[in-house]
Every structure is written in structure tokens, then in C-alpha cells.
Amino acid sequence: MKTKMIFFFSLITLISGCDLFKDANTIDISTDLTANIPVVAAARKSSLEINAVSFTKTQDLSLASNTDIEPYLSKIESINLNSLLVTVNGLTGSQTINSVSLDVAGVGNIFTQTNITMSNNSFTPVIAAGVLNQVATKLTSDKKITLTVSGNASGPMTFTVSLNFDTVLTAKVL
């Protein structure tokens with residue numbers, strides 16, 4: 001009876017110890033995933049009026065370009081995108097971006113923001129619940145996402161949309 005009891009307690013200890021081994025085999029990496037997307041909002045030649053000028057720019061965000069993550073690319077277990085900070089640089093004087101949207105291929109619209117000016121150029125957008133998780137899932141499986149910035153501006157201009165995703169990545173060490 002004592003042998004069975006010792007065996008039973010040993011088995012429980014061994015099973016609960018497996019979680020400790022699993023946790024010891026992973027590492028959490030806190031980093032920022034960034035993309036700087038240069039945009040040119042140019043008036044169309046057929047337009048007689050230079051008011052709202054549309055723009056669209058697409059660019060990939062690849063995990064391989066992040067030096068913190070690159071060594072663990074093939075060992076990624078999960079990605080958690082905590083938040084997104086957007087900064088628009090290059091606006092001058094009375095230049096205004098009337099609206100800007102960010103879409104991720106395979107996920108859809110992430111946010112739309114209006115009335116961005118030289119003095120109101122940095123913001124944390126309101127993102128619907130679960131959307132960042134969808135982006136993280138796509139990043140985990142594809143190791144990259146395709147970003148599209150689109151919208152319209154008060155006139156012709158050139159600016160850069162900088163995206164900064166606060167990220168925690170879990171990867172296997174071995």
C-alpha cells in the first residue's frame with residue numbers, strides 16, 4: 001500500500017513538474033514592432049479643385065526585421081499586441097489629414113482617425129475588441145503583415161505615418 005501511495009504522489013509531482021519544464025523552455029520578449037510608412041498625397045491632374053486629396057500606401061511589417069525577435073523566428077509560440085501608438089510626421093502649417101485608416105490584409109480595418117494636424121499628430125487609436133488579437137494571430141502564423149494606410153488630406157503633401165505596436169512575444173528557447 002505504501003508503494004502505491006509513494007508511486008501516486010510521485011506521479012502527481014511529475015505531472016505538475018512538466019509545467020515547470022515547459023515554462024523554463026519559453027522566453028517572453030518585450031519589444032516594439034514599428035513601421036514607418038512614407039505617404040505622398042498628390043493632387044490628380046484631372047482635378048480642377050485642390051481640396052481633399054486621397055492617398056493610399058501599402059507596406060509589409062516583418063518580424064524578421066526586428067533584431068530582438070529575429071533569433072527566435074522559427075520558435076514563436078504566441079504574440080500579444082498590447083497597444084498601438086500612431087504618429088504622423090512631416091505636416092506643416094495648416095496641412096490637415098482629414099481622415100486616415102489602417103487596414104491589415106486578411107484582418108480588415110484596424111482604426112480610422114480624423115483631423116490630424118501638425119500639433120495633433122500623435123494618438124493611440126480606439127481599436128475594436130479582439131482586432132489586435134486577430135493581427136497577432138496573423139503575425140504568429142505568417143511572420144509578417146501587410147499594412148495599408150489610406151485616407152484623404154486637405155491638399156497635396158508628403159508625410160510619414162509611424163506605427164508602434166507594444167508587443168510581448170513568447171518563444172521556445174530550445
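Quick note: structure is the one above.
Residues numbered from 1 in each chain as written. Predicted model: local features only at pLDDT ≥ 70, side-chain atom pairs only at ≥ 80, totals over all residues. Heavy atoms only, no water.

## Remarks on the sheet that holds strand E3 (residues 76-89)
Then comes step 1: Taken in spatial order, the 4 strands make up an open sheet running E1-E8-E3-E6, and their pairing is antiparallel. The sheet is open, and its two borders are formed by strand E1 (26-41) and strand E6 (122-123), each paired with just one other strand.
Then comes step 2: The pairing of E3 with strand E8 (residues 157-172) spans 12 bridges and is classified as antiparallel. Bridge pairing in E8 links Ser-83 to Asp-166.
Then comes step 3: In the packing of helix H2 (residues 131-142) onto the sheet, the strands contacted are E1, E3 and E8, and the crossing angle to E3 comes to about 120°. (Pairing = 2+ DSSP bridges. Helix = DSSP H or I, 4+ residues; strand = E, 2+ residues; numbered from the N terminus. Contact = heavy atoms within 4.5 Å. Axes fitted to C-alpha atoms, helices over the stretch in contact; angles between N-to-C directions.)

## What to know about H2
Then comes step 1: Taking 1.5 Å of rise per residue, 12 residues should cover 16 Å, and H2 covers 16 Å from first to last C-alpha, within 8% of that figure.
Then comes step 2: When we look at burial in H2, the residues that qualify are Val-131, Leu-132, Val-135, Ala-136, Leu-139 and Thr-140.
Then comes step 3: At the exit of H2 stands Lys-143, carrying a positive phi of roughly 65°. (Expected span 1.5 Å × (residues − 1). Buried < 20%, exposed > 50% of the residue type's maximum accessible area, 1.4 Å probe, protein only.)

## Quick notes on the environment of Leu-132
Then comes step 1: Assignment of secondary structure puts Leu-132 in helix H2.
Then comes step 2: For the pair Leu-132 and Leu-84, spaced 48 residues apart in the sequence, the C-alpha separation amounts to 8.9 Å.
Then comes step 3: Setting aside its immediate chain neighbours within four residues, Leu-132 contacts Leu-81, Asn-82, Ser-83, Ile-127 and Phe-165.

## A few points about the sheet that holds strand E2 (residues 53-62)
Then comes step 1: What the 4 strands build is an open sheet, ordered E2-E7-E4-E5; its pairing is antiparallel. Each having just a single partner strand, E2 and strand E5 (108-116) make up the two edges of the open sheet. On average, each strand axis in the sheet is inclined to that of its neighbour by 15°, with strand direction left out of account.
Then comes step 2: H2 contacts E2, strand E4 (97-104), E5 and strand E7 (144-153) of the sheet and is inclined by roughly 135° relative to E7.

## Here we look at unusual backbone geometry
Then comes step 1: Even without glycine at this site, Asn-115 takes up a positive phi of about 55°.
Then comes step 2: Within the secondary structure, Asn-115 sits in strand E5.
Then comes step 3: Residue Lys-143 is not a glycine yet carries a positive backbone phi of 65°.
Then comes step 4: For Lys-143, the position within the fold is in the loop between H2 and E7.
Then comes step 5: Owing to a relative accessible area of 26%, Lys-143 belongs among the partly exposed residues under this scheme.

## Some remarks on the pattern of salt bridges
Then comes step 1: The final tally for this structure, using the stated rule, is 2 salt bridges.
Then comes step 2: Across the salt bridge formed by Lys-144 and Asp-60, the nearest N and O atoms sit 3.1 Å from each other. Here Lys-144, found in strand E7, pairs with Asp-60, found in strand E2; they are 84 residues apart in sequence, far enough to count as distant.
Then comes step 3: You can call Lys-144 partly exposed: its relative accessible area is 37%.
Then comes step 4: Its relative accessible area of 38% is what places Asp-60 among the partly exposed residues.
Then comes step 5: Of the charged contacts in the structure, one is a salt bridge between Lys-138 and Asp-142, with a shortest N-O distance of 2.6 Å. Of this pair, Lys-138 and Asp-142 both sit in helix H2, separated by 4 residues, roughly a single helical turn.
Then comes step 6: Judged by its relative accessible area of 23%, Lys-138 is partly exposed.
Then comes step 7: The exposure class assigned to Asp-142 is partly exposed, which follows from its relative accessible area of 38%. (Salt bridge = Lys/Arg side-chain N within 4 Å of Asp/Glu carboxyl O.)

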